[in-house]
Structures are given as C-alpha cells and as structure tokens.
Amino acid sequence: MRPVLITKRRHTGIGLTALIDVVFILLLFFMLTSSFQPFQALDLKSALSASAHAKREPVLLMVDSEGQLRLADNFIQVLSDEQLQASVHTDASLVLLPHADTSVQFIVSALERLKSLGLTATLGNSITSEAAANP
Amino acid sequence: MKNTLARCRRKNAENNMIPLINIVFLLLIFFMIAGRIEASRPPELDLPVSYHAAPATAQAVTISINAAGQWFVQDQPITADTLPMALDSMALSAQTGIDLFLHQSLKARDLDAMLEALRTQGIARVRLVTREGERL
C-alpha cells in the first residue's frame, strides 16, 4: 500500500496554488503596512535646552502673519537673507517670535530659512498686534 | 483518452497561472523595497511642508493638534489640564523626545499653550514633524 502512495506523490509535483496563496498574503501585508510619504522633523529649541549663558543680548526676530521676518526692535523692515546675516552675529542667540496669527506653515518656513543661513533659533511665545506695536 | 484530456487541461491551467504569479511577485518586491514600514501617523492631519529639514525617525511620544485645535497624546484626546497627568503616566525623562504633529493652518497662539505645558513638564526635546515637499 505504502509504495503506491509515494509514487503517486512524485507524480503530482509542487502545487502552484499554495505558493500563490502565500505570495498574495505577503503582498497584502506589504501593501497595507508600507507608507510612501516621507516625513521630516525640525527641532524646536526650547528655552530649557540652553547649555551656556549667552554673552550677547539675544536677537529677537518677528514672523508676521504673512511669514515675513522682521527685527523686533525695528518691525517695519522686512529682512532679506543678506540683511539677516548682517544683523545676527553667529554667537548671539536668536529668538523667533511669531505673531499670534502666524500659521504653523510660516513658522516652519522661517525656521528652515534661518537654518539654511546657518542660524539656529529658539521659538518664543507668540506676540499680539498690540505688543508688536509697543515693543 | 478521457484521462489524457483531464491531465492536459490541468497543465494548461497551471501554465496560465505563471504570468499571474510573475506579476504578483513583481508587485510584492516593489512594495517591499519602495515602501517603509513604520508606526501609523495621525491620518487626518495636513502637516506643514518643509524642504531641507532632517528626515524624521519616530520618537517615543507623539502629540498632535488637529485643525479644530484638539490635543491628542498617542491618539488619546486630552486637554491642557490633563496633559501633565498623561505625560506623568508615561514616566518621561528630560531626554525623551516628543514628536509634535500640527495641522498646517494652526496659528502660533494655538501652539503657545502646548509648548508652555511641555516646558512646565521639563521636556526640552520637542520636534515639529513636517511633510517633505516636492523639490523643484
């Protein structure tokens, strides 16, 4: 009886159905779990993470509700990249003060712009229009 | 005669399956290589776009604020009052990094209370997670 069974199995070969079952399940798993959207992250420097006392007065930069950067003590002027680099010393700490109506997107853009100029900024509290008018 | 016909049919059916298996294998390899398996992110959030920030690796704690200004810690809704309690229960240290997922249209004033609460908790490492924009 037994030898007959063995010869029968030899004739059937490997079934493709089982293989494709497993491959379909793997395919479904990878399709459902994988993500294609790349994420990035910006460090929000907190006032707590300061390690040394600053030698200079911190430079206060405002981000207005249109995403423009201005010096807080001269809030009329919109700063270009050259003006930013000229007005901020590399050893002075930089504090970014967003206007209360500034969207998160503009804050991200401002932080990225400063980063690309080699400056790192601490994000401060938001300021209101009244505070901006009377610094 | 009948037996031969049946065997022939079965062989035909298996031969027809081979292109299907080829395609399925290709799809499998594509999803294995091109996709990344990672913890699920808050799906309904339209994150701010950045171009030059560092690629994000997932941190231990995620906090998100949706477009309506509601706060979530690890997808559990919280308020400014219950945030300290929620963070306490996770036994965080000062070195714990926090991922902040914010809807891109939120205003700076919505962010203030959250950052203030995190500062009060002594958490210094906060990262703002953004979506990588398409480079021109």
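Preceding this section is the structure that the text describes.
Residues numbered from 1 in each chain as written. Chains lettered and ligands numbered in written order. Predicted model: local features only at pLDDT ≥ 70, side-chain atom pairs only at ≥ 80, totals over all residues. Heavy atoms only, no water.

Caption draft 1: The arrangement of the side chain of Glu112 of chain A in detail. Looking at where Glu112 of chain A falls in the secondary structure, it is placed in helix 4 (residues 104-116). Despite its burial, Glu112 of chain A pairs with no opposite charge, the nearest such side chain being Lys115 of chain A at 6.7 Å. Each residue touching Glu112 of chain A, except ones within four places of it in the same chain, is listed here: Leu42 of chain A together with Ser50, Tyr51, His52 and Ala53 of chain B. (Helix = DSSP H or I, 4+ residues; strand = E, 2+ residues; numbered from the N terminus. Buried < 20%, exposed > 50% of the residue type's maximum accessible area, 1.4 Å probe, protein only. Lys, Arg positive; Asp, Glu negative; His and termini not counted. Salt bridge = Lys/Arg side-chain N within 4 Å of Asp/Glu carboxyl O. Contact = heavy atoms within 4.5 Å.)

Caption draft 2: View of the packing of aromatic side chains. Evaluated as defined, the whole model comprises two aromatic pairs over all chains. A ring pair is formed by Phe29 of chain A and Phe30 of chain A, whose centres lie 5.2 Å apart and whose planes are at 80 degrees; its orientation type is edge-to-face. Note on Phe29 of chain A: relative accessible area 42%, which makes it partly exposed. When its relative accessible area of 13% is taken as the criterion, Phe30 of chain A is described as buried. Each ring, one from Phe30 of chain B and one from Phe31 of chain B, has its centre 5.2 Å from the other, and the planes form 75 degrees; the classification is edge-to-face. (Phe/Tyr/Trp six-rings, centres within 6.5 Å; stacked < 30°, edge-to-face > 60°.)

Caption draft 3: Highlighting the pattern of salt bridges. Applying the stated criterion across every chain yields a total of five salt bridges over all chains. One salt bridge connects Asp64 of chain A with Arg70 of chain A, and the closest N-O pair in it is separated by 2.8 Å. The same class applies to Asp64 of chain A as to Arg70 of chain A, namely buried. Arg119 of chain B is the salt-bridge partner of Glu116 of chain B, the closest N and O atoms lying 3.4 Å from each other.

Caption draft 4: Geometry of a nonpolar patch on the surface. There is a patch of nonpolar side chains on the surface, built from Leu19 of chain A together with Phe25, Ile29, Met32 and Ile33 of chain B and spanning about 480 Å² of accessible area. Here the nonpolar patch takes four residues from helix 1 (residues 2-34) of chain B, the largest share from any one element. Tracing the backbone shows Ile29 of chain B in helix 1. (Patch = residues over 30% accessible without salt bridge, like charges linked within 9 Å, V, L, I, M, F, W, Y side chains within 5 Å. Areas by Shrake-Rupley, 256 points an atom, 1.4 Å probe, with all protein chains shown as cover.)

Caption draft 5: A look at the interface of chain B and chain A. Listed by partner, the interface residues are 53 residues for chain B and 43 residues for chain A. Regarding the contact of chain B and chain A, the summed buried area is about 4,400 Å², with carbon and sulfur atoms giving 65% of it. The largest share of the area that chain B buries against chain A comes from Phe31, Arg119 and Leu128 of chain B, three residues that together contribute 14% of it. The tally of links between chain B and chain A comes to one salt bridge. Between Asp101 of chain A and Arg109 of chain B there is a salt bridge, and its shortest N-O distance comes to 2.7 Å. (Buried area = accessible area lost by both parts, 1.4 Å probe.)

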